[in-house]
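Residue strings, one per chain:
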Amino acid sequence: MLKEIRDRIAAAEAAAGRVPGAVQLIAVSKVQPAGRVEAVLAEGHRLFGENYVQETAAKWPAWRAQYPDVRVHMIGPLQTNKVKLAADLFDAIHTVDRPGLAEKLARLAQSRGASPELFVQVNTGAEPQKAGVLPDAADAFIADCRRMDLPLAGLMCIPPEGEDARPHFRMLARIAARNGLAGLSMGMSSDFEMAIAEGATHVRVGSAIFGARVYA
Ligand SMILES: *Cc1c(COP(=O)(O)O)cnc(C)c1O
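Quick caveat: nothing in here was measured; it's all calculated off a predicted structure. (Residues numbered from 1 in each chain as written. Predicted model: local features only at pLDDT ≥ 70, side-chain atom pairs only at ≥ 80, totals over all residues. Heavy atoms only, no water.)

A. Structural detail: the site of the ligand. Neighbouring the ligand are 13 residues, the closest being Lys30, Asn51, Ser189, Ser207 and Arg213. Here a nitrogen atom of the ligand and a side-chain polar atom of Arg204 are 2.9 Å apart. Ser207 is positioned with one of its backbone polar atoms (N or O) 2.8 Å from an oxygen atom of the ligand. For the ligand, whose unbound accessible area comes to 390 Å², protein coverage reaches 89%. Taken together, the residues of the shell around the ligand sort by class into six nonpolar, four polar and three charged. (Near = heavy atom within 4 Å. Polar contact = N/O pair within 3.5 Å; in protein donor to acceptor, adjacent residues only side chain to side chain. Areas by Shrake-Rupley, 256 points an atom, 1.4 Å probe, with all protein chains shown as cover. Nonpolar A, V, L, I, M, F, W, Y, C, P; charged D, E, K, R; others polar.)

Here it is, written out as structure tokens:
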């Protein structure tokens, strides 16, 4: 499954005239059985995505000890009281979406002299139940993050379910371009090729690599 996804990413890069290797594959391993993750590690894959701080704290320290070049990105909503733990566990956080969280990350970055790489999550569909800054508020929030010296790598979105994702990918790319941000975290199992055509630099693919998630 991993190889098939890698091949499809390479083909989508070529079709879009992107540089080979321009797109990073984040293998989303949340709630997957350990054996499936270990199989993907054994195949040489090293970049993973997780949604939950506690689950990551339970699973990843041992795998990091075994594979020192592993990187884990936080792609789920982050509670402010878990920022410290998250900064210990993750190499990047894709879900910076509110001033309180940005301020906490900034204070931590200052005291440690280091920070995970950060993406601002944009709620491109303006869905009430979804995390992310509203598109109209994105420019101001990005400017605020920069004033705090946060290391912004780019933007992230999760398009509304059951809608054509393309306008959302395009909106995210436009906001990134006008703010001089290079990173675009967009595209999942069902639409990562479209996201690559629209400029994704990071695709977050879970079930297409590991199989369906089984929630207890
Ligand atoms: C779970 C999740 C994914 C992966 O979803 P698949 O459909 O399994 O590829 C990607 N992004 C986010 C934010 C997720 O929560």
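There's plenty left to go through after this.
B. The arrangement of the nonpolar core in detail. Among the nonpolar cores identified, the biggest contains 61 residues, and Ile93, Val120, Leu155, Val203 and Ile209 are the most heavily contacted of them. Sequence-distant contacts of Val203, that is, excluding residues within four places in its chain, are made with Ile9, Val23, Gln24, Leu25, Ile26, Met186, Gly187, Phe192 and Ile196. (Core = buried A, V, L, I, M, F, W, Y, C linked by side-chain atoms within 4.5 Å. Buried < 20%, exposed > 50% of the residue type's maximum accessible area, 1.4 Å probe, protein only. Contact = heavy atoms within 4.5 Å.)

C. Expanded view of the side chain of His94. Along the chain, the position of His94 falls in strand 4 (residues 92–96). Here His94 falls in the buried class, since its relative accessible area comes to 0%. For His94, the side chain forms a polar contact with the side chain of Ser185, separated by 2.8 Å. (Helix = DSSP H or I, 4+ residues; strand = E, 2+ residues; numbered from the N terminus.)

D. Region of interest: the packing of aromatic side chains. Under the defined criterion, the tally for this structure stands at two aromatic pairs. Between Phe48 and Trp60, the aromatic rings sit 4.8 Å apart at their centres with planes inclined by 45°, giving tilted as the arrangement. Of this pair, Phe48 sits in strand 2 (residues 47–50) while Trp60 sits in helix 3 (residues 53–66), and the two are 12 residues apart along the sequence. Of the two residues, Phe48 and Trp60, neither departs from the other in class, the shared state being buried. Taking 4.8 Å as the distance between ring centres and 70° as the angle between the ring planes, the aromatic pair formed by Trp60 and Trp63 counts as edge-to-face. Note that Trp60 and Trp63 are positioned in helix 3 at a spacing of three residues, about one turn of the helix. The burial state of Trp60 is the same as that of Trp63; both residues are buried. Through a chain of ring-to-ring contacts, three or more aromatic side chains come together here, namely Phe48, Trp60 and Trp63. (Phe/Tyr/Trp six-rings, centres within 6.5 Å; stacked < 30°, edge-to-face > 60°.)

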